[in-house]
Each structure stands twice: as structure tokens, then as C-alpha cells.
Amino acid sequence: MPTTTKNPFHHLQWDSDGKAVFHTADGDRFVKDVAEVVEIIQAEEAKKAGSSKVQTAVAALFRALDEWIVANRERITAAWLTEHDRALLLLVVQKSDTYDQALSESLVSLDERLALDAEIAPLRVDTLAIPSWGDAPQSTFLSRRLQLRRKLG
Amino acid sequence: MPAWTDHLALASRCRSAQEVLHQNGPHSEWIVAIAFYEALHLVEAVAASDPGFQHDRAVTHMERRELIYQHDRFKAIRLAYKELHRASLIARYMEGGYLATDRFFAAPNLHQLVVVGWLGAVRRWAAAELKLPDIASPAAMAPPKG
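Anyway, here's the lowdown on the structure attached to this text. Keep in mind it's a predicted model, so treat the numbers as computed, not measured.

**A look at the interface of chain B and chain A**
Taken together, the 21 residues of chain B in the interface contact 19 residues of chain A. The biggest single contributor to the side of chain B that touches chain A is helix H4 (residues 78-93) of chain B, with eight residues. Residue classes in the side of chain B that touches chain A are distributed as eleven nonpolar, three polar and seven charged.

Next comes the structure, spelled out in C-alpha cells:
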């Protein structure tokens, strides 16, 4: 079993059951609870809030993200959970290659939910929608440590 | 820690810089980036002017975001501020920043969308909050001469 503190995480996908499949830099593949991964990524917050609160927060976070992704599936081509600026980041690639106001307004509503939901509060989460111009732009915003891609199908 | 008036001065410098850039050729990626920083300083000015926020130290983008989402006083500018931040990220970090900015925000409408629209919303809000109407005066909203 690889040690999660030394190897950077790489993505496969997250599922609605809270499991994520990872590839490590040295080629191992393993399944972990998403909550455990988030706890490692947000170690400082986990230390403050306690492990059980973080697990509850992650479950609530994934419910909120899943609901938003399903509701906006027609407007996006990909969604990742990654990290940026010492916070978790929902990164979505929008279908339109020009400004999509409805998607932006929907993301602000999600931001409000993430900020005000007491269960999610131990986690720091941001959201960002980027245009879809191939792989290079999105890789700019994906952390090497955490790249969980949500199945859209 | 800067006082709220210091943040206003910095916002004013951002506005001047936008005008200079606008008059000297196509610099959409920097106009967008500086527009975001003007908005940031207007938010900081409002927060620093209210002792209730205990906004007495430098904060990260994430901490500022929490301030904006956890207090109703900032509700009116959540969308505009988020869009300015997003535009500045796209402009600065996406491959070919100026091309990305021009294409995504439809270059001919860039001023209308970014400066009059989003930044205008933050300026009007800050003008009302700080009771300083000059921040959002018609002159401040006009397209720079170029």
C-alpha cells in the first residue's frame, strides 16, 4: 500500500458512494475514501475541526457538488475537485466558449450554499468555471496533489 | 495594515492604470486584472471602514471570499466580484492570456461587461456603502478616451 503523504495524488474518478480511485506517481493504483483524502489535503482544518467533523463535511460537500453538477450537466463538459490557494476547488469546464451568465449565476448560488452550510463549514471550498479550449487551460488550474474527476455520464 | 482610505487610494491608482492601458493599445488581459484589483481594494475599503468586521490584517483571496459570502453586506456584489476574479485568473493564467480574455469576454464588449458591468456594480456598491458618490460618478464609468 503506498503512503499517501509522500506520493502526489492523481485522479481517476469520484463516485457517489464517496470512494475515489487514485493513481500515484510511481504507478500504483488504489481506492480510498474521499473524506480521508480531503482530510490529508486540508490537514490544518482537519486538526482544528476533528476527523469526524471533516468526514461529515466531505459527505455534505459531495452531496452539494453532485446536485449542482447534475443540475448543470447540459452547461459543462467536465468537473474536477482539486485544490488551489490552500482550499478545495470545484473546477468546471463550461460547454460554451464564450461567457455563460446562467452558469455563472448558478455557481454563485453554489458558493453561497458552500459558505453558509454549517456541515460543510470546516472545509474551505471555492469554485471556478473556465472556457473549454482543449486540455492545456484546465491543467493550469489542476493541482498535482488532487485531481478528482466527476463522472458526467 | 492599510486604513480604508489607503485602500481607496489604491483603487484610484488601479482606475488610472486602466485608463493608461486603454489609451495605449490592446491590453485587455491587464485591464481585466487591474479591474479585479480595483474591486478588491473597494471591498477592503468597505471592510476596513467598519470596526464590526475586525478587518485589521492582510487576508488571502480565500479569506476575503469568506468575508463576502458570510456577510449580507456584500451580497449585492458576489456575482460581480466573482466574475472579476475569474476574468483575472483566465487573463493571467490561461495559455495566451490576452487571446483567452478577448475571446471569452468578446473583445468589443469587454469594457461594457467588465468595467461598466461588474466593476461598475462594485463601484456603485462601494460608493453607497462609503457614502462617496464620486467612486461611481458618470466620469468614472465612461469608456476611457483612446
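Now that the structure has been shown, the text picks up again.
**A few points about the nonpolar core**
Residues and elements named next belong to chain B. Counting residues in hydrophobic clusters, the biggest one holds 70 residues, and the most contacted among them are Ala35, Ala39, Leu84, Val114 and Val122. A per-element tally of this core places helix H2 (residues 28-49) first, with 14 residues. With residues near it in sequence (within four places) discarded, Val122 still touches Ala39, Leu42, Ile77, Ala80 and Tyr81.

**Some details on the pairing of strand E5 (residues 87-94) of chain A**
It is a general feature of regular strands that their side chains alternate between the two faces of the sheet. All names here are of chain A. Most of E5 is tucked away: six of the eight residues are buried. As paired elements, strand E4 (residues 76-84) and E5 share eight bridges and run antiparallel to each other. Of the residues in E5, the one forming a bridge with Glu83 is Leu88. Following E4, the chain reverses through two residues before pairing antiparallel with E5; Asp85 in that reversal takes a positive phi of roughly 55°. As paired elements, E5 and strand E6 (residues 125-130) share six bridges and run parallel to each other. Within the sheet, the bridge partner assigned to Val92 lies in E6 and is Ala129. Chirality of the crossover, the property in question, places the unit of E5, helix H4 (residues 101-116) and E6 among those that are right-handed.

**Here we look at the environment of Ala49 of chain A**
Residues and elements named next belong to chain A. Following the sequence through the fold, Ala49 ends up in helix H2 (residues 43-49). It is 26 Å that separates the C-alpha atoms of Ala49 and Leu107, two residues lying 58 residues apart in sequence. What Ala49 contacts, discounting residues up to four positions off in sequence, is Val54 and Pro122.

About the cut-offs
- Residues numbered from 1 in each chain as written.
- Chains lettered and ligands numbered in written order.
- Predicted model: local features only at pLDDT ≥ 70, side-chain atom pairs only at ≥ 80, totals over all residues.
- Contact = placed C-beta atoms within 7 Å.
- Helix = DSSP H or I, 4+ residues; strand = E, 2+ residues; numbered from the N terminus.
- Nonpolar A, V, L, I, M, F, W, Y, C, P; charged D, E, K, R; others polar.
- Core = buried A, V, L, I, M, F, W, Y, C linked by C-beta atoms within 7 Å.
- Buried ≥ 20, exposed ≤ 12 C-beta atoms within 10 Å, placed from the backbone.
- Pairing = 2+ DSSP bridges.
- Right-handed = clockwise from strand over helix to strand, strands pointing away.

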